[in-house]
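Here is what each chain is made of, one letter per residue.
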Amino acid sequence: MPLRYVDPNKTRGRVYRASVRFGRSRIGQFVARHVARHTDPHLFRLTGGRVNMGAIINAPLVSTGAKSGLPRVVQLTYFHDGPDVILLASNYGGTRHPQWFHNLKANPDCEFGEQRFAAAEVTDPDEYARLFALAERVYAGYDDYRAKTAPANRRIPIFRLRPR
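Okay, so let's go over this structure. Model, not experiment: these values are computed from the prediction. What you see as residue numbers is a count from 1 along each chain, following the sequence as written. Only residues with pLDDT of 70 or above have their local features reported here, since the model is predicted, and side-chain atom pairs are shown and tallied only from 80 upward, although totals for entire chains, interfaces and linings are computed over all residues. Calculated side-chain values reflect all of the structure's heavy atoms, with hydrogen atoms and water omitted.

1. Some thoughts on helix H4 (residues 125-138)
Moving on, step 1. Here a helix means four or more residues in a row that DSSP labels H or I, a strand means two or more in a row labelled E, and each is numbered from the N terminus. Here the expected length of a helix is defined as 1.5 Å per residue gap, with one fewer gap than residues. End to end, H4 covers 20 Å across 14 residues, agreeing with the expected 20 Å (1.5 Å per residue, within 8%).
Moving on, step 2. Listing the buried residues of H4 in full gives Tyr 128, Leu 131, Phe 132, Leu 134, Ala 135 and Val 138. End-on view of H4: buried residues confined to an arc of 165°, all on one side of the axis. Residues of H4 that are exposed and point over 90 degrees away from its buried face: Pro 125 and Asp 126. Exposed residues in this analysis have more than 50% of their type's maximum accessible area, buried residues have under 20%, and partly exposed residues fall in between, with area computed by a 1.4 Å probe over protein chains only. In this description, one arc is meant: the one made by directions from the helix axis to the C-beta atoms.

Take a look at the structure:
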């Protein structure tokens, strides 16, 4: 099944907005970190990507471990910029980059939503700003994460996945 197209400019309804409000709450963050990250990969496989725990669309990233060389899987929120998939390495606003960031830097060939991609970090400041603004349209919580990373002087990396 093809990866669901997530248009960051799409007008979203009440259920989506309620899901975002919940996701930004303290309990929503707990559920995302400790429950959804374990259940969403199974729901993705069982339903072919049609169902996940919230209204915010996510899919599994399969990358190659930077140190181990073994396949690593993590469920991530995403959106599209044309044919490319955009991922933010927010790590829930943590002070360090998520492990998958290091995996993609070391091994850019990956699979996302059961499709093959080549990953590249977005380094151009104007492109970064444009994509971050689009990301906030998909999930307003990215602004919360940016505020949390500021004291640690961590800039949330953005990756562009190009189809292969």
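2. Overview of the pattern of salt bridges
Moving on, step 1. Here, a salt bridge means any side-chain nitrogen of Lys or Arg that lies within 4 Å of a carboxyl oxygen of Asp or Glu. Considering all chains together, one arrives at 10 salt bridges under this definition.
Moving on, step 2. Residue Arg 160 pairs with Asp 84 through a salt bridge whose shortest N-O separation is 2.8 Å. Of this pair, Arg 160 sits in strand E7 (residues 158-163) while Asp 84 sits in strand E4 (residues 84-88), and the two are 76 residues apart along the sequence.
Moving on, step 3. Residue classification places Asp 84 among the buried residues on the basis of a relative accessible area of 8%.
Moving on, step 4. Each of the salt bridges in this network shares a partner with another, and the network as a whole consists of Asp 81, Asp 84, Glu 127, Arg 130, Arg 160 and Arg 162.

3. Side note on the packing of aromatic side chains
Moving on, step 1. Aromatic contacts are taken between Phe, Tyr and Trp rings whose centres are within 6.5 Å, Trp giving its six-membered ring; a plane angle under 30 degrees counts as stacked, one over 60 as edge-to-face, and the others as tilted. Counted by the stated rule, this structure contains eight aromatic pairs.
Moving on, step 2. Each ring, one from Trp 100 and one from Phe 159, has its centre 5.8 Å from the other, and the planes form 55°; the classification is tilted. With Trp 100 in helix H3 (residues 99-106) and Phe 159 in strand E7, this pair connects stretches of sequence that are 59 residues apart.
Moving on, step 3. Here the aromatic cluster, defined as three or more aromatic residues joined through ring pairs, consists of Tyr 92, Tyr 139, Tyr 142 and Tyr 145.
Moving on, step 4. Two conditions define a charge sitting above a ring: the NZ of Lys or the CZ of Arg must be within 6 Å of the ring centre, and it must be within 35 degrees of the ring normal. Between the NZ or CZ atom of Arg 155 and the centre of the ring of Tyr 128, over which it lies, the distance is 3.5 Å.

4. Describing the sheet that holds strand E1 (residues 58-64)
Moving on, step 1. An order of E2-E1-E5-E6-E7-E4-E3 is seen for the seven strands of this open sheet, with the pairing classed as antiparallel. Bordering the open sheet on either side are strand E2 (71-77) and strand E3 (79-81), each of which pairs with just one other strand. When strand polarity is set aside, the average angle formed by the axes of neighbouring strands in this sheet is 35°.
Moving on, step 2. Paired strands, as defined in this entry, are two strands with at least two bridges between them according to DSSP. Two strands pair when backbone bridges link them, and strand E6 (residues 115-121) and E7 are joined in this way by five bridges, in the antiparallel orientation. Only the contacting stretch of a helix is used when fitting its axis, a line to C-alpha atoms as for every element, and angles between N-to-C directions run 0 to 180 degrees.

5. Some remarks on the packing of H4 against helix H5 (residues 141-149)
Moving on, step 1. As a packed pair, H4 and H5 sit with axes 7 Å apart at the nearest point and diverge in direction by 125°. Compared by their axis directions, H4 and H5 come out oblique. Every residue of H5 that contacts H4 at Phe 132, Ala 135 and Glu 136 is listed here: Tyr 142, Asp 143 and Arg 146.
Moving on, step 2. Residues are grouped as follows: Ala, Val, Leu, Ile, Met, Phe, Trp, Tyr, Cys and Pro are nonpolar; Asp, Glu, Lys and Arg are charged; every other residue, Gly included, is polar. Across the contact of H4 with H5, the residue classes break down as three nonpolar, no polar and three charged. Any angle between 65 and 115 degrees counts as roughly perpendicular, while under 35 counts as roughly parallel, over 145 as roughly antiparallel, and the rest as oblique. Note on contacts: a residue pair is in contact if any heavy atoms of the two residues lie within 4.5 Å.

6. Quick look at the pairing of E4
Moving on, step 1. By the criterion of burial, E4 is predominantly enclosed, with five of the five residues buried.
Moving on, step 2. Going residue by residue along E4, you find Asp 84, Ile 86 and Leu 88 tucked away on one face and Val 85 and Leu 87 tucked away on the opposite face as well.
Moving on, step 3. Two elements, E3 and E4, share three bridges in a ladder whose sense is antiparallel. Within E4, the position partnered with Asp 81 by the bridge is Asp 84.
Moving on, step 4. Judged from the four bridges that link them, E4 and E7 form a sheet pairing that is antiparallel. When the bridges of E7 are listed, Leu 87 appears paired with Phe 159.

7. Things to note about the side chain of Arg 160
Moving on, step 1. Residue Arg 160 is classed as buried on the basis of its relative accessible area of 8%.
Moving on, step 2. Within 3.5 Å is the distance limit for a polar contact, defined as a pair of N or O atoms, with the added protein rule that one can donate a hydrogen and the other accept it, and that residues adjacent in sequence qualify only through two side-chain atoms. Within the local environment of Arg 160, its side chain forms a polar contact with the side chain of Asp 84, the two groups lying 2.8 Å apart.
Moving on, step 3. Here Arg 160 is in contact with Asp 81, Asp 84, Val 85, Ile 86, Ala 118, Ala 119, Ala 120, Val 122, Glu 127, Arg 130 and Leu 131, once residues within four sequence places are set aside.

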